[in-house]
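The chain contents come next:
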Amino acid sequence: MPWKEERDPYRIWISEIILQQTRVEYGIHYYDRFVKEFPDIKTLATAPENTVFKFWEGLGYYSRCRNLIASAKIIHEKYGGQFPVSYNEILTLKGVGPYTASAIASFAFDLPHAVLDGNVFRVLARFFGIDLPVNSSAGKKVFSELANALLATNPPAVYNQAIMDFGAIICKPFLPLCDQCPLQKKCVAFSTDKVNSLPVKEKAPEKRKRFFTYLIVEYKKHFYIKKRTAKDIWQNLHEFLLIETDSVMNEVQLLSNDAFGKFFKNIPYELKSMSDISKQILSHQVITGRFFHMEIKEPLDNHSGYQLITARQLQMLAFPKFITAYLKD
């Protein structure tokens, strides 16, 4: 991994934010591109936001990108471009929680703060036989206190990396290598046959189901798009004309939809194509929908903030994965 043994707090920060909701093998490519385009705080803080979002496109969980931009500006303006060096100052940055602050403080500055990622939770839960849910408030408190009590402070970065690697290589989520484990004799989970049932997690709430119909409206080789600005999913990303309904619409349902009628009132159109149904699963929502490609000979009168852009401009903007997957196809 390119950030292994990294001491630059900026690069550690970028890698940790990417890995918050992204698998390592998928995140490496984005990390390499991101730090090449934005090699330091100043470059990131002063870059156009659309450019930053374009380089983040496809990683999802775009609040991470918004927080990166906001924190880069804070570091650039408040700290003169120098990354804050204390745990408490790092913790004040947007999008930085106790885990990320501990990782930066430990790996960049050798400060004595235990890093608690999924691997460490798993090792501690199994070794000590702790059945408190790791994602509960009580569980997080117990595991944090335990991790910091166990922390070897000279140097803490080596200990933190070691226990994380131990969880990733030996004490794996599935098919852990218990026969090769040097801690086997003292492991409570192994002696009580609870390796496969620990750690415990609280059941996630049922995901909200939403249904999107996107209209790709073409007028003289230009397309109607707008930026999502509301505090909702995909904030600051762009999209085509959107109609949200209670279920997926087919062509007949679309043509009788009130919102569709308002968009195309007295405007002749030609329906060029209709896509298959697509689905994207987010952390708390499931988005299902389809795309209709339409061509018009006159501009829309009622376009509610949508603007016309060229196909070339389209390539420069960041879109949700739900849309980019369709555009690539």
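Relevant structure appears above.
Residues numbered from 1 in each chain as written. Predicted model: local features only at pLDDT ≥ 70, side-chain atom pairs only at ≥ 80, totals over all residues. Heavy atoms only, no water.

**Student:** With reference to specific residues and values, describe the pattern of salt bridges.
**Tutor:** Under the definition given, this model contains 11 salt bridges. Across the pair Arg 23 and Glu 25 runs a salt bridge whose closest N-O atoms are separated by 3.2 Å. According to the relative accessible area criterion, Arg 23 is exposed, its value standing at 58%. The salt bridge involving Lys 209 is made with Glu 206; its shortest N-O contact spans 3.6 Å. Glu 206 matches Lys 209 in its accessibility class, with the two residues each being exposed. (Salt bridge = Lys/Arg side-chain N within 4 Å of Asp/Glu carboxyl O. Buried < 20%, exposed > 50% of the residue type's maximum accessible area, 1.4 Å probe, protein only.)

**Student:** Tell me about the packing of helix 4 (residues 49–56) against helix 5 (residues 63–78), and name the residues and values.
**Tutor:** When two helices pack together, their arrangement is captured by the angle between the axes and the distance separating the axes. Packing of helix 4 against helix 5 leaves a shortest axis separation of 10 Å and a crossing angle of 135°. When the axes of helix 4 and helix 5 are compared, the pair comes out oblique. The chirality of how helix 4 crosses helix 5 is right-handed. Within the contact between the two elements, helix 4 uses Glu 49, Val 52, Phe 53 and Trp 56 and helix 5 uses Arg 64, Cys 65, Arg 66, Leu 68, Ile 69 and Lys 73. (Axes fitted to C-alpha atoms, helices over the stretch in contact; angles between N-to-C directions. Helix = DSSP H or I, 4+ residues; strand = E, 2+ residues; numbered from the N terminus. Parallel < 35°, antiparallel > 145°, perpendicular 65-115°, else oblique. Left-handed = near helix turned anticlockwise from the far one by under 90°. Contact = heavy atoms within 4.5 Å.)

**Student:** So what's going on with the packing of aromatic side chains? Which residues, and what values?
**Tutor:** Summed over all chains, the structure comprises 20 aromatic pairs. A network of ring pairs unites the aromatic residues Phe 212, Tyr 214, Trp 234, Phe 291, Phe 322 and Tyr 326 as a single cluster. (Phe/Tyr/Trp six-rings, centres within 6.5 Å; stacked < 30°, edge-to-face > 60°.)

**Student:** Talk me through helix 9 (residues 137–150); I want residue IDs and the actual numbers.
**Tutor:** Helical geometry note: an α-helix holds 3.6 residues per turn, so side chains three or four residues apart project in the same direction. Compared with an ideal rise of 1.5 Å per residue, which puts 14 residues at 20 Å, helix 9 spans 20 Å between its outermost C-alpha atoms and is within 8% of the ideal. Burial in helix 9 covers these residues: Gly 139, Phe 143, Leu 146 and Ala 147. Within helix 9, the buried residues cover an arc of 100° as seen down the axis, which keeps them to one side. In helix 9, the exposed positions that point more than 90 degrees away from the buried face belong to Ser 137, Lys 141 and Ala 149. Packed against the buried residues of helix 9 are helix 8 (118–128). (Expected span 1.5 Å × (residues − 1). Arc of directions from axis to C-beta.)

**Student:** Give a description of the state of the cysteines that names residues and reports values.
**Tutor:** Following the criterion strictly, the structure yields 0 disulfides and no others. Summary of cysteine pairing: Cys 187 is not part of a disulfide, and the nearest cysteine sulfur, belonging to Cys 181, is at 6.4 Å. Among the residues examined, Cys 187 registers a relative accessible area of 12% and is labelled buried. (Disulfide = S-S within 2.5 Å.)

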